[in-house]
Amino acid sequence: MTSLFDDAVAAQYRNDPLGMRVYTSQLLGQSKELVLHGGGNTSVKIDNTLYVKGSGWNLDTIEKPGFSPVNLDVLLEMATRETLSDTQMVAEQRAAMSDQSFPNPSIEAILHAIIPYDYVDHTHADAVVTLTNTPNGKALVQKLYGENMLIIDYVMPGFELAKHIYEMTRNIDWNSLTGMILMHHGVFTFDNDAQRAYEKMIELVTVAEAYLAEHVTLACGDCEGKGDPSVAPAVGAEVSKVRGGEVFPLLIDSPRAQLFSILPNLESLVKRGGLTPEHVIRIKPFPAIIDNDIASGIAEFAKDYKSYFDANASLEHICLDLAPRYAVIKGVGIVVLGKDEKESRIIGDIVKHTITAILSAEQLGGWGSLTLAQMFEMEYWELEQAKLKK
């Protein structure tokens, strides 16, 4: 991965730390190998205020109004508490903002606050997360990055993750760390200089990319296939019955997608977690798998999804619709099933990156990210459920 930092462009922000934060955030957002559709977050600390990416903004297009100003002392105090619901956390973070016209701060604002550097960058870098999603992923990334890389076992994003890292790092010399890798989730880099924080991210990802290039061979993921164009509309028509509204089906039939569709362990593989936790909110925990009979494949998905819900839900949970967000068509490829073209394009991007990671990990000993119970915890996160209850 190549640094996109341009000294000539950056010169205009040398005395504008928030402007510099916007600039390097946009650089991160330009690479889909780092963040996808709202993923990742960044921050800068200025005069005891944490300016952190706000809800609803994407890094590639973020501007100053996208960085929510939160009182740093309040966030640091929140990290010391024993318990805090994410609903209460969001409310208190919002109350601590110096200007209520800004969006809600990232749910990882507390984590950004406890990292004692001016600039903090967080991405869901495909290459690094792919390595963590292998059987010996933790040992592998520790070997690749050395003892000065802080590696965190998976913890649900939000207060729980911030609290866990706060406790782990109370006696750590942050100056000795080159970065932080969250297993099955993403990467953090940090520095008091925006360029160094950004280029540390590029360097860490380049190490993982080089390892994958040496050990993994993949079929073309962007080449057009020769699949039957009638497949996507047929799948879409069946799924629209379950979802209760129109869907916008798109066919992905590249050689890579076709190879994925015929993996011998496909049924179990797709239930071993996604590329990074938040993707489950957009694509659900697993796809439908269709082998000849479309209707039976969609019906089987609905049955499996309801079983997944029943196995993990408590009384307060509201079940989401039983329609898949994408379907693997054996021998053909993948059909994505968003409610409109925009949603289908987003789902398609996520699915392409996910199958690339899975196919790569399978060549490194096997794919394994989150359990279905962990996926449920993210998909039925209390803040997402609160939107439904309204």
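Quick caveat, the model's predicted, so the values are computed rather than measured.

What counts and what doesn't
Residues numbered from 1 in each chain as written. Predicted model: local features only at pLDDT ≥ 70, side-chain atom pairs only at ≥ 80, totals over all residues. Heavy atoms only, no water. Buried < 20%, exposed > 50% of the residue type's maximum accessible area, 1.4 Å probe, protein only. Helix = DSSP H or I, 4+ residues; strand = E, 2+ residues; numbered from the N terminus. Arc of directions from axis to C-beta. Contact = heavy atoms within 4.5 Å. Disulfide = S-S within 2.5 Å. Pairing = 2+ DSSP bridges. Axes fitted to C-alpha atoms, helices over the stretch in contact; angles between N-to-C directions.

> Got a sec to walk through helix α7 (residues 137-145)? Specific residues and values, please.
Since the α-helix packs 3.6 residues into each turn, any two residues three or four apart lie on the same face. All of the buried residues along α7 are Gly137, Leu140, Val141 and Tyr145. Angular distribution of buried residues about the axis of α7 spans 110°; they occupy a single face of the element. Within α7, the exposed residues directed more than 90 degrees away from the buried face are Ala139 and Lys143. Against α6 (126-132), β5 (149-152), β6 (179-182) and α9 (194-215) lie the buried residues of α7. Positive phi shows up at Gly146, right after α7, with a value of about 85°.

> An account of the state of the cysteines is needed here, citing residue identities and associated values.
Enumeration according to the criterion identifies one disulfide in this entry. With a sulfur-sulfur separation of 2.0 Å, Cys220 is cross-linked through a disulfide to Cys223. One quick way to see it: the torsion about the S-S bond of Cys220 and Cys223 is about 95°, and its sign makes the bridge right-handed. Accessibility expressed as a relative area gives 30% for Cys220, which makes it partly exposed.

> Would you mind going over the sheet that holds strand β4 (residues 119-123) in detail, with residue names and values included?
Strand order in this open sheet of seven strands is β3-β2-β1-β4-β7-β6-β5, and the pairing throughout is mixed. The outermost strands of the open sheet, each flanked by one partner alone, are β3 (67-71) and β5. Pairwise comparison of adjacent strand axes, ignoring direction, gives a mean angle of 20° for this sheet. Where β5 and β6 come together, four bridges link them in parallel fashion. The residue of β6 that forms the bridge with Ile152 is Leu182. α7 contacts β5 and β6 of the sheet and is inclined by roughly 170° relative to β5.

> Before we move on, could you go through the sheet that holds strand β8 (residues 248-252) and cite the residues and values that matter?
Spatially, the four strands line up as an open sheet ordered β8-β11-β10-β9, and their pairing is mixed. Two strands lie at the open edges of the sheet, namely β8 and β9 (288-290), each paired on one side alone. Averaged over neighbouring strand pairs, the angle between their axes works out to 20° when direction is ignored. Of the strand pairs in this sheet, β9 and strand β10 (residues 326-329) are connected by three bridges, and their pairing is parallel. Residue pairing in the sheet places Ala288 in a bridge with Ala327 of β10.

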